[in-house]
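Chains, contacts and geometry: an overview
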Number of protein chains: 2
Amino acid sequence: MTIKIGILGYGNLGRGAEAAISQNDDMELVGVFTRRDPASLTLATPGVAVRSAQDLLSGAPLDIDVLVICGGSATDLPQMTPKYAARYNVIDSFDTHAHIPEHFAAVDKVAGENGHVALISSGWDPGLFSLNRLFGNCFVPQGTDYTFWGPGVSQGHSDAVRRIDGVLDARQYTLPVEEALEEVRSGSNPDLTTRQKHTREVFVVAAEGADTEEITRQIVTMPNYFDEYDTTVHFISQEEMDRDHSGLPHGGFVLRSGAMASGATSVIEYSLKLDSNPDFTSSVMLAYARAVARMSSEGQKGCRTVFDVAPAYLSPRDDGYLRSHFL
Amino acid sequence: MTIKIGILGYGNLGRGAEAAISQNDDMELVGVFTRRDPASLTLATPGVAVRSAQDLLSGAPLDIDVLVICGGSATDLPQMTPKYAARYNVIDSFDTHAHIPEHFAAVDKVAGENGHVALISSGWDPGLFSLNRLFGNCFVPQGTDYTFWGPGVSQGHSDAVRRIDGVLDARQYTLPVEEALEEVRSGSNPDLTTRQKHTREVFVVAAEGADTEEITRQIVTMPNYFDEYDTTVHFISQEEMDRDHSGLPHGGFVLRSGAMASGATSVIEYSLKLDSNPDFTSSVMLAYARAVARMSSEGQKGCRTVFDVAPAYLSPRDDGYLRSHFL
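Residues numbered from 1 in each chain as written. Chains lettered and ligands numbered in written order. Predicted model: local features only at pLDDT ≥ 70, side-chain atom pairs only at ≥ 80, totals over all residues. Heavy atoms only, no water.

This next bit is on the relation of the copies chain A and chain B. After a rotation of 180 degrees and a shift along the axis of 0.0 Å, chain A superposes on chain B with an RMSD of 0.0 Å. In the structure described here, the two chain copies are related by an operation that fits a two-fold rotation axis. When you check the interface residues of chain A against chain B, 100% turn up at the interface there too, and the contact is symmetric in its surfaces. (Least-squares fit on C-alpha atoms with pLDDT ≥ 70 in both. Contact = heavy atoms within 4.5 Å.)

This is the structure we're talking about:
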């Protein structure tokens, strides 16, 4: 069975999903949908149409098995995912952890009423990191969870710096503190403050004549974003920014450490090192899109998360192959 | 709901499972069953009976939700798991990778015909390492798999050394080669031979007057076990063996490395560092026993593996809690 994929939104994530389809032989891209002028986009895939997002909503539903929604979590997805779940099986990467319960409820209602499967918050955090937090708690019931992010670019923090007066461009890297990681790996279950776990490094292109000391002060004292961290600020030229900081690498570490009933320590570590955050995220989304298609074909409906997906559903291989090759 | 657990077999794994029940509030140990004389065993849990394994098979089935079968893979489990799956939901840690398909078929037939759920090959390899091999292949479709074991005690290799003439006691450690691990972590996708990935270190207590050079020669040239590895042999006293080598630590690393469609490299790493292999393995088995109880209560039947279990089924927490705390 070929899974017909539609992509809604053509930013970094949408372009990553489009490219990732070429690595998944059981999938076919049937269309990219945009809220921009379709004529303004040129796809990488020959022969695939760019269409208006409105086409998904007007007339009869299109022949799409799973719609991969590539929007932002702040304002796009809370509106988009329920809306499109009324007409399609959908998947998103909603990543505002605190609002997941209400997003789930809104999507579950619409998907359930309309007989579709929706999977929210796929990707790597939430997503694969969430899975490893859950697994760790089940296998080491009495222990401590640790999540470290980076080294990688935080787009939210980069955007926050760009809003400062006199800043033309900015890139923020989140860096895990290696000593803290090593302490966790040792099984000593340390209590770590926010400042002890991560540092932040910011590269800024300042406007001609801008007050770099004042920019630095505004960055390192910015509430929530920087004030609880040790932050280093570097001023560079736009040329250096474009040459050295155009990628979107990311990654991180999830650890669970604790004592078994005997007192013996167990440490579980999961880590990702990604040259491209959106490319990996969209590849994970496609694997979960496969699971959505399979759950829907079984007659399931409603909202799901990565916690509800049996791992075999992520693979194009049959169960016998999985048992003999991967078990 | 309290899950009533029976434990069959009271070696390292059975004792680990017994202890692990104290860390799982939704579980209750209803009995330990043995093929030895029940009077010869003293349990760590007060008020729980040691009974003959035969009691599981004669008369009406006992009130057990899941029977945790703690036997050896070579000869015990191929017989035991199908036999007990006829009367109970069961779980085992069958770890002879090459024979998993036939074990699955035998267990599936009996469990399916008798309306029970059986989960085979739980633990960490097969088990959690298998999950990570599967996940890696789904999220990085074009890449290379690497599994490194250790540092840890291989009981099979220790037993093999003990069978050599003049050896009174032996302990074999499998050690991953750090340089090879680092090469994989770099994303360079190296081709690695068996010898490049692991070394072996053996501690031997020799009989008085034994030919230690001959023992060493027999160890390092032993086909399948040692001949493809660089092996170091140390002769120590029984006192040193008991003092320094009584634990059963183990662990290892599963890595998946490859290029996304854009060419960007992704490296996924999963690792375990376990002071006690049997204690952790039995803790994992209990989490999967919870899933077995839940799948059975839903009316499922037949054989399952870790690939078939939605992660939420491993947790005693409800889905809403999991979404708000772990996602």
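A few words now on the interface of chain A and chain B. Every contact between the two is made by 67 residues of chain A and, on the other side, 67 residues of chain B. Of the roughly 5,600 Å² buried between chain A and chain B, counting both surfaces, carbon and sulfur atoms make up 65%. Counting the surface chain A buries against chain B, the share from its top three residues, Q23(A), F326(A) and L327(A), is 15%. Summed over the shared surface of chain A and chain B, the result is zero salt bridges. Elements represented by at least two residues in the side of chain A that touches chain B include exactly helix 1 (12–20), helix 3 (100–114), helix 4 (128–139), strand 13 (265–274), helix 10 (277–297) and helix 11 (319–325) of chain A. The residue makeup of the side of chain A that touches chain B, split by class, is 37 nonpolar, 19 polar and 11 charged. Two elements, strand 13 of chain A and strand 13 (residues 265–274) of chain B, share nine bridges in a ladder whose sense is antiparallel. (Buried area = accessible area lost by both parts, 1.4 Å probe. Salt bridge = Lys/Arg side-chain N within 4 Å of Asp/Glu carboxyl O. Helix = DSSP H or I, 4+ residues; strand = E, 2+ residues; numbered from the N terminus. Nonpolar A, V, L, I, M, F, W, Y, C, P; charged D, E, K, R; others polar. Pairing = 2+ DSSP bridges.)

Looking now at the packing of helix 2 (residues 76–85) of chain A against helix 3 of chain A. Residues and elements named next belong to chain A. Taken N-terminus to C-terminus, the directions of helix 2 and helix 3 make an angle of 15 degrees; their axes are 8 Å apart at the nearest point. Taken as axis vectors, helix 2 and helix 3 run roughly parallel relative to one another. Relative to helix 3, the crossing made by helix 2 is right-handed. Counting all contacts with helix 2, which are made through L77, P78, T81, P82 and A85, the residues of helix 3 involved are H103, A106, V107, V110, A111 and N114. Of the residues belonging to the contact of helix 2 with helix 3, the class tally is eight nonpolar, three polar and no charged. (Axes fitted to C-alpha atoms, helices over the stretch in contact; angles between N-to-C directions. Parallel < 35°, antiparallel > 145°, perpendicular 65-115°, else oblique. Left-handed = near helix turned anticlockwise from the far one by under 90°.)

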